[in-house]
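So you can see what is in the structure, the chains are spelled out below.
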Amino acid sequence: MTKPKIVIFMHWYLPGTKAGGPVRSVFSLVELLKNYFDFYIITSNTDLGNDKEYLNVNPNSLFTQKEINYYYFDVKNLNNHNLLKLLSEINPAVIYLNSFWSFPFSINIIRLKNKKLIAAPILLAPRGMLSKGALSLKSFKKNIYLTSAKLFGWYKNVRFHATNKQEEQDIRAHFSSANIAVASNVNAGTQIKNTSHKDTNILNLFFLSRISEVKNLHFALSILNDVPSEITINYHIYGNIENQDYWNKCLEIISHLPKNITVIYKGELAFNEVQNTISKSHCLFLPTLNENFGHSIVESLLSGCPVIISDQTPWNDLEKNDAGFSIPLHNKKEFLEAIIKMAQLNQEEFSHKSHAANNYISGKIEIQKSINLYKNLFNEFIKN
């Protein structure tokens, strides 16, 4: 039986690692659903913030690898003529957009749809880009576009995919009559044992995300400045430096931290390195402005690491499950208290929290249920 064809547009994808959560979301989705759908991932031949083309990817041609079809555009060939020609060759049942603000792989696709140059129905996952936190950055241009989109009905024939109820509300705030399907992100990670050793008053924290203003690293660093001198903190930062000016701001804070706080930038982690690396640490510290899912949070919990995060994520029942802390961003004192509590744990107490983190996330993520949910989502969309 022929599987329905789904074209996935991504501005950046593997082997790139800099674009964070959306790449992990799509990777997990196609891995779990490739037996049911014929996926075509159309993307660019460079990583986020990098003009260097991938060395081991043949651009501007369709190829198949491990049952997934790929097409990587280089800059010279990324134009409407080639996009429409490629879509005509594939003839997809659904086009799935994974960004709201990418011009070539979202906004432009919407324009072509409105000009009736694209026949396939469009499902759009904003990936948290319509949240208040995300829209607070470069807000002027974004608000002009959103106002125009609403005025001229550019998205009236688009179905939205929200990954939780909060994102559904964020979409509805700008497109009140939108057709919205809600289906949580999936993560292909597995539960592993935390292998770290825990001494009282020593805490090995880590940050795992893009280094950008929305991830709030500078706020995390400012909290570490107030940790009492009898507590030793090691904070390892993993992620792509998306904005050098912002990173310089963070470096300035780091340079003035007290001697009991050590901060080390460890670079980027490939997908297959993440869990084995972080399972040697104690706790994720990520006071993000917004996460519509938070793959780094899920992978931390799967690796037996409790998390200290903001309340701007879907994971807001951590404390009652002894899996970490979810704290309002205005309550800086509570973040500090959470760090002190984690630092004061001994090995036995930490092991209990580590197991609780594992148990919490395993109860939240039901892979087969997610597979069936997405199967129904795509099949219903295809039928209509």
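A short tour of the structure in this document, coming up. The structure displayed is predicted, hence computed values, not measured ones.

## Considerations on the side chain of Ser-25
Looking at the secondary structure, you find Ser-25 in helix H1 (residues 21-33). Overall, Ser-25 belongs to the buried group, its relative accessible area being 4%. Beyond its immediate chain neighbours, meaning those up to four positions away, Ser-25 contacts Arg-127, Asn-185, Val-186 and His-295.

## Here we look at the nonpolar core
Grouped together as the largest cluster of nonpolar side chains are 58 residues, with contacts concentrated most on Leu-217, Leu-224, Tyr-235, Phe-285 and Ile-308. Ranked by residue count, the leading element in this core is helix H11 (residues 332-343), at seven residues. Look past the residues within four positions of Ile-308 in its chain and what remains in contact with it is Cys-283, Leu-284, Phe-285, Leu-286, Pro-287, Phe-325, Ile-327, Phe-335, Ala-338, Ile-339 and Met-342. Of all hydrophobic cores here, the second largest spans 35 residues; its members include Ile-95, Ile-110, Ile-122 and Leu-124.

## Quick word on the packing of aromatic side chains
This structure, assessed with the given rule, holds 27 aromatic pairs. Seen from their ring centres, Phe-37 and Phe-378 are 5.4 Å apart, and the 70° between their planes marks the pair as edge-to-face. Here Phe-37, found in the loop between H1 and strand E2 (38-44), pairs with Phe-378, found in helix H13 (residues 367-383); they are 341 residues apart in sequence, far enough to count as distant. Note on accessibility: Phe-37 and Phe-378 belong to one class, buried. When the centroid spacing of 5.3 Å and the interplanar angle of 50° are considered together, the rings of Tyr-155 and Phe-175 count as tilted. One end of the pair, Tyr-155, is in the loop between helix H5 (139-152) and strand E7 (158-162); the other, Phe-175, is in the loop between helix H6 (165-174) and strand E8 (179-182), and 20 residues separate them in sequence. Among the residues examined, Tyr-155 registers a relative accessible area of 4% and is labelled buried.

## Regarding the pairing of strand E1 (residues 5-9)
Burial analysis of E1 places four of its five residues in the buried class, which makes it a mostly covered element. With five bridges joining them, E1 and E2 adopt parallel strand pairing. Along E2, the bridge assignment pairs Lys-5 with Asp-38. Running through H1, the crossover from E1 to the neighbouring parallel element E2 is right-handed. Taken together, the four bridges between E1 and strand E5 (residues 94-97) define a ladder with parallel strand orientation. Within E5, the position partnered with Ile-8 by the bridge is Tyr-96.

## Remarks on the sheet that holds E2
The strands making up a sheet are joined through hydrogen bonds of the backbone, oriented either antiparallel or parallel. With respect to topology, eight strands assemble into an open sheet ordered E3-E4-E2-E1-E5-E6-E7-E8, the strand pairing being mixed. Two strands in the sheet have a free side with no partner beyond their single neighbour: strand E3 (63-65) and E8. Strand-to-strand, the axes of this sheet are offset by a mean angle of 30°, without reference to chain direction. Note: E3 against strand E4 (residues 68-73), three bridges, orientation antiparallel. Paired with Phe-63 across the two strands is Tyr-70, which belongs to E4.

Calculation criteria
- Residues numbered from 1 in each chain as written.
- Predicted model: local features only at pLDDT ≥ 70, side-chain atom pairs only at ≥ 80, totals over all residues.
- Heavy atoms only, no water.
- Helix = DSSP H or I, 4+ residues; strand = E, 2+ residues; numbered from the N terminus.
- Buried < 20%, exposed > 50% of the residue type's maximum accessible area, 1.4 Å probe, protein only.
- Contact = heavy atoms within 4.5 Å.
- Core = buried A, V, L, I, M, F, W, Y, C linked by side-chain atoms within 4.5 Å.
- Phe/Tyr/Trp six-rings, centres within 6.5 Å; stacked < 30°, edge-to-face > 60°.
- Pairing = 2+ DSSP bridges.
- Right-handed = clockwise from strand over helix to strand, strands pointing away.
- Axes fitted to C-alpha atoms, helices over the stretch in contact; angles between N-to-C directions.

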